[in-house]
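The residues making up each chain are set out below.
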Amino acid sequence: MSGYHPYNEADAIGLARSFENVFSPGADLHCREIGDGNLNLVFHITEPATGKGLIIKQALPYVKVFGESWPLSIDRARIEGEALKIQHALAPELVPQVLLTNHEQAITVMEDLSSHVIMRKGLMERTLYPRFAGDISTFLAQTLFFTSDLGMSQQEKKLRQQSFVNVELCQITEDLIFDEPYREHERNNYEDSIADEAAALRIDGELLTEIALLREKFLTRGEALLHGDLHTGSIFALPESTKVIDPEFAFYGPMGFDIGAVIANLLLNFASQEHWSQDEASRREYREFLLEAVRGTWTQFSAKFRTLWDEQCQDPVFSKAPGYQDLYMDRLLQDTAGFAGAKMIRRIVGFAHVADLDAIPDDAARERAKRLGLLIGKELIRQNRTIRSIEQIIDIAFTAA
Ligand code: ADP
Ligand code: MG
Ligand code: MG
Ligand code: MG
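The rules we used
Residues numbered from 1 in each chain as written. Chains lettered and ligands numbered in written order. Predicted model: local features only at pLDDT ≥ 70, side-chain atom pairs only at ≥ 80, totals over all residues. Domains from an automatic or database assignment. Contact = placed C-beta atoms within 7 Å. Nonpolar A, V, L, I, M, F, W, Y, C, P; charged D, E, K, R; others polar. Core = buried A, V, L, I, M, F, W, Y, C linked by C-beta atoms within 7 Å. Buried ≥ 20, exposed ≤ 12 C-beta atoms within 10 Å, placed from the backbone. Helix = DSSP H or I, 4+ residues; strand = E, 2+ residues; numbered from the N terminus. Pairing = 2+ DSSP bridges. Axes fitted to C-alpha atoms, helices over the stretch in contact; angles between N-to-C directions. Left-handed = near helix turned anticlockwise from the far one by under 90°. Expected span 1.5 Å × (residues − 1).

1. A few points about the domain arrangement of the protein
Here is step 1: Here the protein is partitioned into domain 1 (9-111) and domain 2 (117-400).
Here is step 2: Using C-alpha coordinates to define each centre, domain 1 is positioned 27 Å away from domain 2.
Here is step 3: In this complex, domain 1 contributes 15 residues to the contact, which on the side of domain 2 involves 20 residues.
Here is step 4: In the side of domain 1 that touches domain 2, the residues fall into 10 nonpolar, 2 polar and 3 charged.

2. Observations regarding the nonpolar core
Here is step 1: Counting residues in hydrophobic clusters, the biggest one holds 109 residues, and the most contacted among them are Ile 56, Leu 267 and Val 294.
Here is step 2: Sort the elements by how many residues they give to this core and helix 9 (residues 256-276) lands first, with 11 residues.
Here is step 3: Here this core spans two domains, since at least three of its residues come from each of domain 1 (9-111) and domain 2 (117-400).
Here is step 4: Contact partners of Val 294, with chain neighbours within four places excluded, come to Ile 263, Leu 266, Leu 267, Ile 393 and Ile 394.

3. Description of the sheet that holds strand 3 (residues 52-59)
Here is step 1: Pairing in this open sheet of 5 strands is antiparallel, and the strands run 1-2-3-5-4 from one edge to the other. What marks the edges here is a single partner per strand, and that holds for strand 1 (30-33) and strand 4 (98-102). Looking at each pair of strands side by side, their axes are set apart by 15 degrees on average, direction ignored.
Here is step 2: Direction of pairing for strand 1 relative to strand 2 (residues 40-47): antiparallel, over a ladder of 4 bridges. If you follow Arg 32 over to strand 2, its bridge partner there is His 44.
Here is step 3: The strands touched by helix 1 (residues 9-17) are strand 1, strand 2 and strand 3; relative to strand 2, the strand with the most contacts, the crossing angle is about 55 degrees.

4. Considerations on the environment of Gly 81
Here is step 1: On the secondary structure map, Gly 81 appears in helix 2 (residues 75-90).
Here is step 2: Residue class for Gly 81 comes out buried when judged on the 24 C-beta atoms lying within 10 Å of it.
Here is step 3: Taking the C-alpha atoms as reference points, Gly 81 and Val 109, 28 residues apart in sequence, are found 8.7 Å from one another.

5. With respect to the environment of Ala 89
Here is step 1: Among the secondary structure elements, Ala 89 is positioned in helix 2.
Here is step 2: Residue Ala 89 is classed as exposed on the basis of its C-beta count, with 12 C-beta atoms lying within 10 Å.
Here is step 3: When the C-alpha atoms of Ala 89 and Gln 142 are compared, they prove to be 9.6 Å apart, with 53 residues separating the residues in sequence.

6. Brief notes about the pairing of strand 9 (residues 241-244)
Along a regular strand, successive side chains alternate from one face of the sheet to the other.
Here is step 1: Bridge analysis of strand 8 (residues 235-238) against strand 9 gives 4 bridges, and the strand direction is antiparallel. From the neighbouring strand, Phe 236 faces strand 9, where its bridge partner is Lys 243.
Here is step 2: Connecting strand 8 to the antiparallel partner strand 9 that follows it, the hairpin turn spans 2 residues.

7. A short note on the packing of helix 10 (residues 280-312) against helix 11 (residues 324-349)
Here is step 1: Running from N to C, helix 10 and helix 11 point in directions that differ by 145 degrees, and their axes come no closer than 12 Å. The handedness of the crossing between helix 10 and helix 11 is right-handed. Of helix 11, the residues touching helix 10 (which contributes Trp 298, Ser 302, Arg 306 and Trp 309) are Gln 325, Met 329, Leu 333 and Thr 336.
Here is step 2: When its residues are assigned to classes, the contact of helix 10 with helix 11 shows 4 nonpolar, 3 polar and 1 charged.

8. Brief notes about helix 4 (residues 132-145)
Here is step 1: The end-to-end C-alpha distance of helix 4, which contains 14 residues, comes to 19 Å, matching closely the 20 Å that a straight helix rising 1.5 Å per residue would cover.
Here is step 2: Burial within helix 4 is extensive, with 12 of its 14 residues counted as buried.
Here is step 3: Phe 132, Ala 133, Asp 135, Ile 136, Ser 137, Phe 139, Leu 140, Ala 141, Gln 142, Thr 143, Leu 144 and Phe 145 are the residues of helix 4 that are buried.
Here is step 4: Where the residues of helix 4 are buried, they touch helix 2, strand 7 (224-226), strand 8, strand 9, helix 9 and helix 10.

Next up, the structure:
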């Protein structure tokens, strides 16, 4: 990374000026660093006179939350930029357009989506997203099918896998999701009020076995090019639009990990409605929307994925073997449930949390919501290998609440 240096606002404006089809020559440009993550700089450059804007995202060579004590390769910016381009080509309405990548500077220049709201925030404000299930299921079906052995050349897929060997970011997932929550670890982070729950996870043999199986799947099953971090903080939404950003964790892994991430984050918000909905009737109503989004995400994904398979699968064996598609989809739903559960638990007892739960001001409501999230997460993991339909997943949440 010879020429690499972290950008300041003047550097960002200088680069932005080269986009002559976005900004007027010599225009007065404003720049603000708006990154809310721990790993990257995000510059928002605007031309007030025209209202036009651009985003410049740059990877930092360390995790910001620990200062420079946790180094992290800036190669993840190449991975993010390349993943965005692939995903944009497969789902053009649902992914920002990339205008430039510079691997040496670890920079991605992309379309400005500031009109959208980070979905986690929208869900905390109880916004209804009637398009969400339709859009996210399209994103998932298109990106997972066309990067898998079902939907692309199997030789090209192997070559592509080599450019998405995301060693360090995968390790973050392996540690934070599939290891640390199940033992004592300095990075674990939970309040005393739920210490009993955290302690119980460490000695729950049945759960530990399922987590081992999920960890093994994450480590070994290169089914498709995953987004790898598809939580509601990586989704920009409006009631009429959905955009998926931030695929720096992209790698070849099990498809259920992405689908499960979406469902986990809907269900974490479901649990958090202990607070965000202030009365029984509005809570029931918003939770119905969330469960309908869970149902729609799976049923529409499954329908779209099967259609792509029927119409576009070139593999001579996979396209014809009787019952194979059904077995594949059954397993995918089971993986989805298991990964969703694992993602819920890590957000409550592990290192990195979600605002849906942590921003609940009232201690008792926050504790109730976290216990509910853990209960749902544990049931999803416990039952994952026997899940037969999405209704079983919805039942788990409905019954727990
Ligand atoms: P990180 O990997 O550090 O989490 P993100 O890609 O999630 O970075 O971006 C961090 C924040 O920057 C987002 O939550 C959003 O507020 C803003 N942002 C990122 N990409 C865009 C974009 N294309 N348009 C507008 N804002 C963006
Ligand atoms: Mg962020
Ligand atoms: Mg992010
Ligand atoms: Mg990120």
